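Inside the fold
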Amino acid sequence: MSLKLDAVSDTLLPRRYQEEIFVRAQQGNVIAALDTGSGKTYISTLLIKWIAAKDAAQDKIIIFLVPKVALVEQQGEFIAKQTSLRVQQFSGATAYDMGDREGWKKVFEDADVFVMTAQIFLNLITHSHWRMDKVSLIVFDECHHTRKNHAYNGIMREYFQTPVVSRPKVFGMTASPIWNPRNAADSLAILERNLDAKVIAVKEHLDELIGHSPKPKEIILVYPMPPDRYPEYPSQSLRLELDLDNLPPEIDIPVTKIINKYEVTLHGLGPFGAELFLYTEVRQRVTQLMQDALDSALDSFIPTEYTARVRTMSPDQLGNVHPKLQELDRKLARFRRFFDPPDPDSPAAYVPMNWCSPKVQILAQELFDRYTPTFQGIIFVEQRHVATCLVTILSRIQLISHIIKPEQLVGHGKETAAKSHVKGMGTRNQQDTVKMFRERQINVLIATSVAEEGLDFPACDLVIRFDPVQHMVGYVQSRGRARHKSSTFIIMVQEGAQAQAERYLQFSQSEPHLKQVYQQRELAVQTPPEEDEDEGGDNPDDLARRERYVVPSTGAVLTYTSAIGLLNHLCSLIPRDKFTPMHVPRYTGTFSATVHLPSSLPLPADLLNYEGPPRVSKKEAKRAAAFLAVKSLHALNVFDDYLLPTKTSRGRENEDSDGVPIGDVSKIPDIIDIHVRDPWVQSYTLWLHVVYLDGHPAAGLVTGTPLFPVDLVASDLFVAMDEPREVVLDARDASQQRRAMEDYTRTGLWWCITGRGIALPLTCYLVPITRACKIDSDAIEQAVLHRSGSSNWDGIGEQHYGRLLFINSNEIGHPMILHRLRSDITPLSRPPEGSREAGHATYMQYWMNKYSRKGYVPVIPDDSPCVEGIPLLRNASAAYSLQNVPGPALFSEKSTTVIFPQEICKWALMPVNVYRAFFVLPELCHRATDIWRAREARVALKLPPIADDVLVQALTLPSTNTGFNNQRLETLGDAVLKLATVVYLYNKYPHRHEGQLDAMKRVSVSNRTLLARGVERCLERYLSCETKSIRMWRYVVSPEDDLFALRPRRLARRQFPRKSLPDCMEALLGASFITGGMDMALQAGAALGVSCGGPAPWNVRYRHRLPASKPSSLFITLQEKLGYSFQHGQLLLEAVTHPSFASEDSSSYQRLEFLGDALIDMVVTEYLYKKFPRATSGQLSWARSRAVCAPALAAMAVQQLRLHKLLLINNVELSIAIGRYAPVLEGLSMEDIILHGWKHDPPKALSDVFESVIGAVLVDCDYNYDKAATVTELVMGDLLAALRPDLPRDPVSQLMVWVSQAGCRCISFAKSQSRPELRRPDCVSVLVHDLTVAGPVAAPNLSMAKGLAAEEARRVLDDPLSPHHLSRVCVCGRDAVSAGEAAVEVPLDVVPEELDDETTDGFALLARILIEEIEDPELAGAQKSDEEERSGDDSDENAEDETVEELEVERLMGFEEV
């Protein structure tokens, strides 16, 4: 009985013959030769567990190799069920990229057993991801493949290169160890030598083995020869109708190959089978060619033509479809009903038996005769197309169609079969078919050799070899599928085919004798391996001369068998557009081959060709040439030390382009909690800084840190602070002096800033000074004695108007400036109309009504004189302007005044210049902090002399809401970083193509790299994240600090997002560029660890690298339009050479395009930054994107430089597309390009060539950025002039923002195809709550289709008369209210490119990101700050709320007596 894999459990116990093999396998390397179904895999699990236990401490792994992808999952699941080991499965579709070293390293750390296809393990060894001496056991499933150039043999070659003591144990499994029965001994010896193992079989428990693996009954079934004619078959033959023999040669259909297969199929299956093959094969090829023609026609359409014609255009309207191809399509259509059922669900017409060959007729009769309700069988054929046709025929033969449920099982097929209708089956389809067979949903498999070995099938009642047996392995393996005691194995032989019968008899009769060759053998001492003389027809002399190259630094291995694949992989990675065919190496010569690499590989012409040594065979000559090429390219660093194309890894890079490691930042939290540098400490040593207001000394700022001189404009005053001078206190009463200065400062802060008490010790003191600019201790002492102010108004007169600060004792925290004394008014006077007291009969009534609500009745004499004051708003903000824009004055003569009785008012013993200094103290401290921190950063980070204000801006985070931040500089710095990196990579790696350079650039400029570099340099210590609001005075001692320390820490705890670090890195580059141009930016980049090549200017590093050459006369007009004359004509030739234009004289423009892209991005960003100083970062980025998009640059190429006339192309379709689109671009205005560029899809070559020409200018002028930028601005001048900060967003962004702000969260895009024969989606619809409100809209590309659909959706959803108005189709608002849902939040560090707008969640997140980009964080912060300030305004409504706060201040400031 066959045991299903799903039923296997850990309770499965070994049989005695399995134990016998296991014991012998422990003693040495063996090949277990056991029949199919005898449990070889289970024996391997016993060995795996034994090895894992024995070598547990050696950090080695176990490798289980399979020859086919379909076996990976099957064997991996079995091992996982039978052992407790960690099992990993890898095949081509699931394996990591070979360049992802970190991924593979982690995999090897996290598993014990690896089940994989042989080629993957060979690649791992080749590229030094693992070593053979770190493997304890290799299991070879179906090990008879270890011959010729199979990957098994490649692995064993590396095995033999390993020292004997370090080699892993080898265990092979096969049912047929002998490939060639005519030379059994040699065949066996070759397998044993190749695997370094001995073939063994069961000796002691043969009876048990026979009982579990019975032999089927074998029958030779003879069938008659096929007739010459089939008279009953319809005379209207498809073969004659198609007339393929007279097909024009320009139609790409391999007629000879198809006719040959037709004849073979006619002989084997009969006329219906042959014509079925012909119909399906030709139909598929015609459909393919028609699709190609359709794609080509659509590619040449401009967007308006595409949208209008894509759905209505018939194949006849395709001008590029050959008439004969259309004729074939019509003829095939007439036969469709004959071969394809009109309805897939309805039964197809029966196929008469006399339409089939005698072979098929006898097969059908045999299936009918042997059918039982539990019947299962396999029919083996040689070719995939025969399997496909036979499935159709058997299912339509009336005799058996009701009992036979057939399905095909074929291999994957090769790439060369891509245009055949039988493309092979994918791994998942194979597994599904096998599962259906196990579950008896189908009962007959028609299979190629893929079913002969490995796959877990139940034992079959009937196995039929429909086609002749070709070799011993096929005979043994296919017969092994019939392992019931009652099973039958049938060999079909044509009548008179003596050779076929003899071959079968030879296999059948020789098998017992062959088994005797190895069945009774004992394990012997292993003999040294010898080369397999049957090595795929390779000559022994060739094999003897093979080389092997090991990279010394890594151990990566280059062999003759791997060299061709490595070259193919290198060429496949060269970037190309849809008009350029795949790049492949080309081989010439016969017994001495030369490999020619594509000219798109950026190498000199003499390094593109490699001639190999002469060899006996042609194949070996190609291998020798490829080996020499790879070895030479490794020396040129085109291949890295792991023999991978340099810097094309898809995994996470752990070093930058200079090889400097990139630290692991994955453990840094989204919000980082750190200590930033801060000057505000209490120190043993004090420093005095004189504060000047409008040029006059006003007060002194005493600090524990010597601060730098600063100046600023605040409250309409010019404020300056001079150099620090040390304060010498009297040693006898230093503490009292400090306390007095602190009390004085607390008083001033209460009066002018906070309106509340401060509990913690202060870190700075603002004090009065004498005319000698020294601390005025007497004034401090007098003011401290009367902290709450003086109630003695004697001596106060007109000379104090506008200068004296006073306060109403009943309205603490609201200071006023004395406007005038009002002896003409008493509390009993009547308030004038329009005043705030006008609602009461007297002032006294108003005051008594207002103050009695606070719990007590003030004492106000009836004849008390009054004072009139101007209220001062407390200074609740520390913001200042970098441009010295004046802020609001402290008060104005026109300000509203208020009147109070003199009896309840007190005036401050504080000179006017001092209290004015207090009002600007927050801005002064903020400015002093910024300058001190910026200069500390400049020294610590070794930055160039960046201007103070720009450096302050670069270090200021948006969360500060100070009116400036680093976001604009970050946008500029992003472009600076990109250009600096690109120029460096372009020059450092002259032999690497655009794809490799771009991969390195992405690593160098990534946020991960910038974050790591920032952390390495402790950049986070110098960021300013303090908000401008100072309702809580922040210049106080931290609980972590020691008072009066000799060496204060000068650190303050802060929190901010980790993304602030990479933003600040870019902002510093932008700041250095603004200060000193690209030269200073390079110095800053070097200091920050950016991969830009060091601090040396470009014109020093890279000048005079190219020989001077005169440009061709072809480029005279181009140089005139550029306003620039080239010194190196070869650059212009390279700049206009498309990759399709193969030339040994010049490489394609791709590298220059890579350079020009970065230069244009930089020039446009700088232009916008300088032209629009008030534009936000988001506005700058959006305007830049409109100028550097492909349609805009294509328009520049056509309108300004006429590059479409100069472009060197060798592709008809591309030439046609450019010819059709150039007039469209010529007719566009700059406004059209900026606003509606997204509606155009010109050939990418046009924008590419523009970028390459601009890049050529930069190279030609020895990397003089200013000169190249001037040329670029000149060419793009009209386009740049059309840019502005308030450009509308694209329709997709507008829709996302509008819908999100309206509260809808159930909206998404959906893709579809406008025509069923298209191979790609070209339509987009907009769905709201699963209802299509717009689309499907067709366009040449999905991006444009999405924009058009979004435009239509916005119009429909916003139309009140539309049935799809948003209010009618969306219920999100109601649902959210009922469910209490919160707004969508964007996770930190989310990557927008990874979000899917075809899901409602992805759409909502993208919308939220856009809203955050569009909203101005400074404006939002300012609004919040304004609200905070307004909350402290004097108003009756807030009077009750302020009572508690005022009482607290009364206690602290000594107002208890009031």
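In case you missed it, the structure is sitting above this.
Residues numbered from 1 in each chain as written. Predicted model: local features only at pLDDT ≥ 70, side-chain atom pairs only at ≥ 80, totals over all residues. Heavy atoms only, no water.

Looking only at helices and strands, one finds 50 helices and 34 strands in the protein chain. Within the protein chain, the fraction of its 1458 residues that count as buried is 56%. Accessible surface for the protein chain amounts to roughly 62,200 Å². Of this, 51% is attributable to carbon and sulfur atoms. (Helix = DSSP H or I, 4+ residues; strand = E, 2+ residues; numbered from the N terminus. Buried < 20%, exposed > 50% of the residue type's maximum accessible area, 1.4 Å probe, protein only. Areas by Shrake-Rupley, 256 points an atom, 1.4 Å probe, with all protein chains shown as cover.)

Pairing in this open sheet of seven strands is parallel, and the strands run 3-4-2-5-6-1-7 from one edge to the other. A strand with exactly one partner marks an edge of an open sheet, and here the two such strands are strand 3 (87–90) and strand 7 (198–200). Averaged over all pairs of adjacent strands, the angle between strand axes in this sheet comes to 20 degrees, irrespective of strand direction. Direction of pairing for strand 3 relative to strand 4 (residues 113–117): parallel, over a ladder of four bridges. Residue pairing for strand 4: glutamine 88 is matched across the bridge by phenylalanine 114. (Pairing = 2+ DSSP bridges. Axes fitted to C-alpha atoms, helices over the stretch in contact; angles between N-to-C directions.)

Turning to the packing of helix 6 (residues 151–160) against helix 7 (residues 184–195), a few remarks are in order. Where helix 6 contacts helix 7, the two axes come as close as 8 Å, and the packing angle between them is 55 degrees. As far as their axial angle goes, helix 7 and helix 6 are oblique. When helix 6 is examined against helix 7, the residues Asn153, Met156 and Phe160 are found in contact with a partner set consisting of Arg193, Asn194 and Leu195. For the contact of helix 6 with helix 7, the class distribution of residues is three nonpolar, two polar and one charged. (Parallel < 35°, antiparallel > 145°, perpendicular 65-115°, else oblique. Contact = heavy atoms within 4.5 Å. Nonpolar A, V, L, I, M, F, W, Y, C, P; charged D, E, K, R; others polar.)

On to unusual backbone geometry, then. Excluding glycine, residues mostly carry a negative phi; peptide bonds, for their part, are mostly trans. Here the residue pair glycine 1335 and proline 1336 is connected by a cis peptide bond, since its omega of 0 degrees sits within 30 degrees of zero. In this fold, proline 1336 is placed in strand 34 (residues 1331–1338). The residue tyrosine 1263 is not glycine, and still its phi comes out positive at about 60 degrees. The residue tyrosine 1263 is located in the loop between helix 41 (1244–1260) and helix 42 (1265–1275) in this model. Unusually for a residue other than glycine, aspartate 1330 sits at a positive phi of about 65 degrees.

As for its placement among the helices and strands, asparagine 965 is situated in the loop between helix 28 (948–954) and helix 29 (967–988). In this structure the side chain of asparagine 965 is engaged in a polar contact, spanning 2.9 Å, whose partner is the backbone nitrogen of glutamine 967. (Polar contact = N/O pair within 3.5 Å; in protein donor to acceptor, adjacent residues only side chain to side chain.)

Attention now moves to the sheet that holds strand 9 (residues 377–380). Strand order in the open sheet formed by six strands is 8-13-12-9-11-10, and the pairing between neighbours is parallel. Either end of the sheet is taken by a strand with one partner, and the two such strands are strand 8 (217–223) and strand 10 (406–409). Between one strand and the next, the sheet's axes are offset by a mean angle of 20 degrees, whatever the strand orientation. Sheet topology places strand 10 next to strand 11 (residues 444–447); four bridges connect them, and they run parallel.

Treat this as a map of the structure, not an account of what it does.
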